[in-house]
Structure formats: structure tokens, C-alpha cells
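Each chain, letter by letter, is given below.
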Amino acid sequence: FLLQVKWKGKDLFDLVCRTLGLRETWFFGLQYTIKDTVAWLKMDKKVLDHDVPTEEPVTFHFLAKFYPENAEEELVQEITQHLFFLQVKKQILDEKIYCPPEASVLLASYAVQAKYGDYDPNVHKRGFLAQEELLPKRVINLYQMTPEMWEERITAWYAEHRGRARDEAEMEYLKIAQDLEMYGVNYFAIRNKKGTELLLGVDALGLHIYDPDNRLTPKISFPWNEIRNISYSDKEFTIKPLDKKIDVFKFNSSKLRVNKLILQLCIGNHDLFMRRRKADSLEVQQMKAQAREEKARKQMERQRLAREKQMREEAERTRDELERRLMQLKEEATMANEALMRSEETADLLAEKAQITEEEAKLLAQKAAEAEQEMQRIKATAIRTEEEKRLMEQKVLEAEMLALKMAEESERRAKEADQLKQDLQEARESERRAKQKLLEITSKSSYTQSVNSSTTALPTDLPSFNLISESLSFDFKDTDMKRLSMEIEKEKVEYMEKSKHLQEQLNELKTEIEALKLKERETALDILHNENTSRGNSKHNTIKKVS
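Predicted model, so just to flag it, every value in this text is computed and none were measured. (Residues numbered from 1 in each chain as written. Predicted model: local features only at pLDDT ≥ 70, side-chain atom pairs only at ≥ 80, totals over all residues. Heavy atoms only, no water.)

Some details on the nonpolar core
Piece 1. Residues V88, I92, V202, L207 and I262 are the most contacted members of the largest nonpolar core, which totals 90 residues.
Piece 2. A total of nine residues in this core trace back to one element, the largest contributor, which is helix α4 (residues 101-116).
Piece 3. Residues from two domains meet in this core; each of domain 1 (9-178) and domain 2 (186-278) gives at least three.
Piece 4. Residues within four places of I92 in sequence aside, it is in contact with I97, C99, L107, P136, Y173, A177 and L180.
Piece 5. Counting six residues, the second-largest nonpolar core is a separate cluster that includes A347, A354, L424 and A427. (Core = buried A, V, L, I, M, F, W, Y, C linked by side-chain atoms within 4.5 Å. Buried < 20%, exposed > 50% of the residue type's maximum accessible area, 1.4 Å probe, protein only. Helix = DSSP H or I, 4+ residues; strand = E, 2+ residues; numbered from the N terminus. Domains from an automatic or database assignment. Contact = heavy atoms within 4.5 Å.)

Quick notes on the UniProt feature "binding site: a 1,2-diacyl-sn-glycero-3-phospho-(1D-myo-inositol)" (unreviewed entry) in the protein
Piece 1. UniProt's feature table lists "binding site: a 1,2-diacyl-sn-glycero-3-phospho-(1D-myo-inositol)" (unreviewed entry) at K42, M43, D44, K45 and K260, given in the numbering used throughout.
Piece 2. Residue placement: D44 occurs in the loop between β2 (37-40) and β3 (61-64).
Piece 3. D44 gets classed as exposed once you look at its relative accessible area, which sits at 64%.
Piece 4. Judged by relative accessible area, which is 32%, K45 ranks as partly exposed.
Piece 5. Those residues within four positions of K45 in sequence are excluded, and the remaining contacts are K8, G9 and H50. (UniProt positions renumbered as here; feature names shortened; annotations may be inferred.)

Here we look at the sheet that holds strand β8 (residues 227-233)
Piece 1. Pairing is antiparallel in the open sheet, where seven strands are placed in the order β7-β6-β5-β4-β10-β9-β8. Across the chains shown, the open sheet's two edge strands, defined by having one partner strand only, are β7 (220-223) and β8. Averaged over all pairs of adjacent strands, the angle between their axes in this sheet comes to 30°, without regard to strand direction. (Pairing = 2+ DSSP bridges. Axes fitted to C-alpha atoms, helices over the stretch in contact; angles between N-to-C directions.)

Thoughts on the sheet that holds strand β1 (residues 28-34)
Piece 1. An order of β2-β1-β3 is seen for the three strands of this open sheet, with the pairing classed as antiparallel. The open sheet has two edge strands, β2 and β3, and neither has a second partner. On average, adjacent strands in this sheet sit at an angle of 45° to one another, irrespective of strand direction.
Piece 2. Relative to β3, β1 is paired through four bridges, and the arrangement is antiparallel. Paired with L30 across the two strands is F62, which belongs to β3.
Piece 3. Contacts from helix α3 (residues 78-93) reach β1 and β3, with the element oriented near 100° to β3.
Piece 4. Each of β1 and β2 touches helix α8 (residues 256-276); the most contacted strand, β2, lies at about 45° to it.

Some details on the layout of surface pockets
Unfilled space is identified by rolling a water-sized probe across the atoms.
Piece 1. Size it by volume and the second largest pocket reaches roughly 930 Å³.
Piece 2. As for the second largest pocket, its lining consists of 33 residues, of which Q31, V38, Q91, K96 and N186 are closest to the centre.
Piece 3. When contributions to the lining of the second largest pocket are tallied by element, the ones reaching two or more residues are β1, β2, β3, α3, β4 (186-191) and α8.
Piece 4. Per element, the largest residue contribution to the lining of the second largest pocket is five residues, and it comes from α3.
Piece 5. Residues belonging to the lining of the second largest pocket are distributed by class as follows: 19 nonpolar, eight polar and six charged.
Piece 6. Counting residues domain by domain, the lining of the second largest pocket receives three or more from each of domain 1 (9-178) and domain 2 (186-278). (1 Å grid on protein atoms, 1.4 Å probe; cavity = no way out; pocket = protein on both sides within 12 Å on 5 of 7 lines; lining within 4 Å. Points joined across faces, edges and corners; volume = space filled by probe spheres on them. Nonpolar A, V, L, I, M, F, W, Y, C, P; charged D, E, K, R; others polar.)

Some details on the packing of aromatic side chains
Each aromatic ring pair is characterised by the separation of its centres together with the angle its planes make.
Piece 1. The full count for this structure, using the stated rule, is 18 aromatic pairs.
Piece 2. Each ring, one from Y67 and one from Y183, has its centre 5.3 Å from the other, and the planes form 75°; the classification is edge-to-face. Separated by 116 residues along the polypeptide, Y67 in the loop between β3 and α2 (71-74) and Y183 in the loop between α7 (166-177) and β4 bring together distant segments of the chain.
Piece 3. The exposure class of Y67 is buried, given its relative accessible area of 6%.
Piece 4. Judged by its relative accessible area of 3%, Y183 falls in the buried class. (Phe/Tyr/Trp six-rings, centres within 6.5 Å; stacked < 30°, edge-to-face > 60°.)

Here it is in C-alpha cells:
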């Protein structure tokens with residue numbers, strides 16, 4: 001932005017919020033760094049009167065300054081949820097928030113759902129997460145697992161999130177992340193009266209004192225509702241408990257600037273702590289009502305789109321089935337046509353063979369007749385001598401035998417001709433049946449094509465995916481709100497069941513990858529987390545114990 005000289009911090013901050021369309025401004029601030037110390041822009045002070053760097057352009061980071069106790073109940077706008085999701089995800093990947101390995105995989109699966117939408121094995125193929133930064137480097141180095149093995153486990157959970165919109169996946173991410181011990185905690189190095197080095201943690205629940213080597217488990221906690229007064233003088237900071245019987249806690253920080261920052265965070269977190277325990281302001285009530293209506297509208301829109309998608313998928317399945325059936329009928333028609341051609345060729349060959357056999361039979365009959373004539377001629381010839389008579393008798397005998405053979409051969413050829421005529425008749429009958437079957441298949445194909453063309457056109461008649469807000473109108477009556485309330489109650493019950501199932505899945509994954517862990521690479525936070533888990537300690541019950 002082009003900064004005006006007279007602008008105060010609020011002017012610049014409001015301009016950024018308007019640009020983002022953000023109304024829940026009380027969680028955020030503009031951060032800058034001066035002399036290795038983080039500072040926040042004051043709303044009532046001119047921007048250029050701050051100790052901002054002199055070089056141009058001056059860089060501010062728009063970040064969440066205060067965190068909600070319960071993200072689902074407090075974060076109303078979708079843009080607010082999205083900004084928190086981006087910031088918390090970056091803090092986990094940068095290891096500013098400790099996250100155990102099994103929870104890191106689960107959070108990564110929700111991040112993938114928020115970015116890519118529903119899992120589709122045809123689109124999200126092996127290696128599609130290769131360029132994504134989804135897990136802290138500490139987690140990757142702790143196990144003897146390849147990127148493909150991590151992707152396989154993330155994808156397995158990602159596939160279970162089907163149906164969740166981006167805002168729902170991001171909210172699930174925040175609901176898991178807010179139970180991490182370091183979520184929303186600002187840490188400051190301090191010393192007590194004895195000079196012992198400690199860490200002060202400031203978050204939405206109160207003030208916490210830690211050992212420098214253990215940022216997960218506080219030694220002492222001061223909930224906001226048990227603190228009477230907080231003040232500082234120079235580098236000394238004082239916490240006065242509400243119960244006057246409890247000693248005042250004093251500590252020293254390294255710089256006066258740090259004490260100012262601590263006091264800012266204490267005031268802001270305390271104000272939000274008290275606001276949560278009062279009735280919502282009119283502005284927040286309006287925002288929540290609008291958010292409920294918007295959520296209901298989106299839910300109805302998602303249901304409508306789901307129905308359209310289902311109808312399209314059914315139409316496509318029907319079309320594919322008809323196309324498959326058409327191909328099958330075409331193949332059957334081709335086979336029948338080939339069979340018909342083979343039958344026609346066989347019939348032609350048989351007809352040709354029958355004709356040849358018939359001609360041969362005629363020729364043999366003619367020869368037999370000639371032999372008979374020759375025999376008669378020989379008999380009629382007068383033979384004068386006995387020798388000639390004997391020779392003539394022998395010739396007659398031979399002629400008779402030849403004629404007999406000729407007659408037998410003629411009869412055999414005649415029978416063969418009759419058989420060939422019968423085969424020809426059967427071949428022509430087979431040809432007639434093949435033609436009839438081809439005619440039936442051709443008629444089925446034409447019917448299937450007509451049905452197919454009409455079915456293929458079906459998706460174009462379905463409602464399109466264009467979302468036109470002018471065509472949507474909603475009238476939320478009392479009955480609608482009651483029904484919505486009942487659905488919310490039902491969702492709470494389902495959430496409790498899912499939480500139990502989720503914990504079982506986390507434990508299962510932890511057991512599965514435990515054998516691949518490299519113990520020598522465990523960090524101090526890994527060891528502390530494992531000890532807390534084995535004792536059954538969580539973020540909230542630990543704070544209750546040490547308060």
C-alpha cells in the first residue's frame with residue numbers, strides 16, 4: 001500500500017482488513033521486527049512514529065495476534081478460518097508448534113483435501129504430492145521411510161475425507177491443531193528472583209511458566225480468571241493472583257521492549273477471555289446468523305451439485321453400457337457375416353463338385369453304351385474259325401466285364417451326385433438361416449444406436465454447473481432453524497464418535513511406523529511428548545493440574 005504520512009496504525013490495519021473482506025479483526029494485527037525483537041503496530045499511534053525500519057518499502061506481516069480457545073465456536077467467517085489455517089500450518093511445518101508424527105500425517109491429509117478436493121484415483125495418481133511440503137522435516141528424518149511411503153499413508157487418510165469442502169477440511173485441521181501443547185503460545189525468555197532461567201508462555205487460557213528445555217508441560221499456570229493484576233516496571237514484570245494468599249510472582253525479562261509486548265498480549269488475551277464468557281455482541285450475533293444461513297445455503301448447494309453429479313455419472317454409466325452392448329452386437333454381426341460368407345463359399349464349391357460328378361457319370365454312361373454296342377457288333381460278326389470264335393468269346397467276356405464295371409462305376413457316381421445335391425441343399429438352408437440372423441442383429445443395432453444417441457444427449461439436458469446466485473433464494477423459517485439445530489446436535493454426536501475412531505486410527509498409525517523409527521534422531525520434544533502420552537497427560541488436563 002502507498003502509506004499516507006498522517007495515517008495511524010488503525011488506518012493501515014482497517015485498509016488491509018477491508019481488502020481481505022475480514023470482519024473478525026480482533027484476532028489479528030500487523031507485526032514488524034526491530035532490533036531482533038518482534039513488535040506489533042499500535043492502532044492509536046501514527047505508523048511512521050513507530051520504530052519501524054527506515055528502508056523502503058516498510059514490511060509488515062498481517063498475522064493472528066490472538067488465538068481462539070475453540071476455533072469451531074469462535075471463528076465465524078470463512079476468511080478468518082482460512083487465515084488461521086494458513087498460519088497454523090506454516091508454524092507446524094516450521095516446527096514452531098510441536099506436532100507428533102501420527103498427528104502430522106492426519107493434518108497433512110486435511111491440508112491435501114483443502115487444496116485438491118475429493119480424492120480421485122484417476123487424477124491423483126502416485127507421486128502427485130511429490131512437490132508438496134506437508135510434513136515437518138523433523139518427522140521425515142525420524143523414520144526410515146521414503147517419500148512414497150509417506151505419500152501412501154497421507155493418501156489413505158485423504159481418501160476418507162471425501163465430501164468435505166475446503167472450509168470444512170480447514171476447520172478439521174484447526175480442531176486437531178488447537179489441542180497441540182504449543183498451539184497459540186507466545187514464549188519469552190525470563191529470569192525469576194533467584195536468577196533461574198525460565199520461559200513465560202502467553203496464550204488464550206492464561207500465563208504459563210516453563211523450563212527452557214520443556215515447552216510442552218508448564219511448571220505453573222495462571223488462568224486469566226485467577227489473575228488480579230499484571231504490571232511491569234522497567235524490566236521487572238509482576239503477576240498478582242486473585243487469591244491474596246498466593247504469593248505475587250515476579251520475573252525479569254531481557255528488554256523493556258519485551259515487557260511492553262508481554263503486557264500487550266496479556267491485555268488482548270484477557271479481554272478475549274472475558275468476552276467469550278459473556279453474551280455475544282450484536283455484531284457477532286449478526287455475523288453468526290449470516291454464517292449459519294450461508295452454511296445452510298452452501299449445504300443445500302452441495303447437495304444439489306451432488307445430485308447432479310450422481311445423475312451425470314448414472315447417465316455416463318448407462319451410455320457406456322449401451323456403447324458396450326453396441327460393440328458386442330457389432331462383433332456378433334461381423335461373425336455372422338463371416339459365417340454367411342463361409343457358407344456361401346462352401347455351397348459354391350459343393351455345387352461345382354456336383355456338376356463335375358454329374359458330367360463324369362454321363363461320360364461313363366456313354367462309354368458303357370459304346371461298350372454294349374461293341375459287344376453286340378462282335379457277337380454279330382461271324383467267326384469262321386474256332387480260334388477266332390474262342391478269341392471272340394474271350395473278347396466278349398472281357399467286354400462284358402468292362403461293361404459291368406462301367407455300370408457299377410456309373411451307379412456309384414450317380415449316388416455321389418445325389419449326395420452332393422443333398423449337401424448343396426443343406427448348405428443353401430444354412431445360408432438362409434445365417435442371412436436371417438444377420439437381419440435380426442442389424443435391426444437390434446439400429447435400435448441400440450437410436451437409444452444410444454438419445455442417452456448420450458442426456459447430460460446436456462441436465463442442470464449445468466454454473467453457480468448463479470441470482471437464481472437462488474432461501475426463506476429460513478422457524479421450522480428450518482429447528483431442523484438446522486437438530487442437525488447440529490446430530491453432528492455433535494457424530495463428532496464424538498469420529499473422535500474416538502480418529503484416536504484409534506492415530507494409535508494404529510503410530511504402532512505401524514514405530515518399527516521404522518530411528519531412536520537416535522529423537523528430539524527432546526519427542527521424548528517429552530512420549531512421556532506425557534504414556535502418563536495420559538494432555539494439554540488441558542496438564543494446565544488444570546499446575547494452575
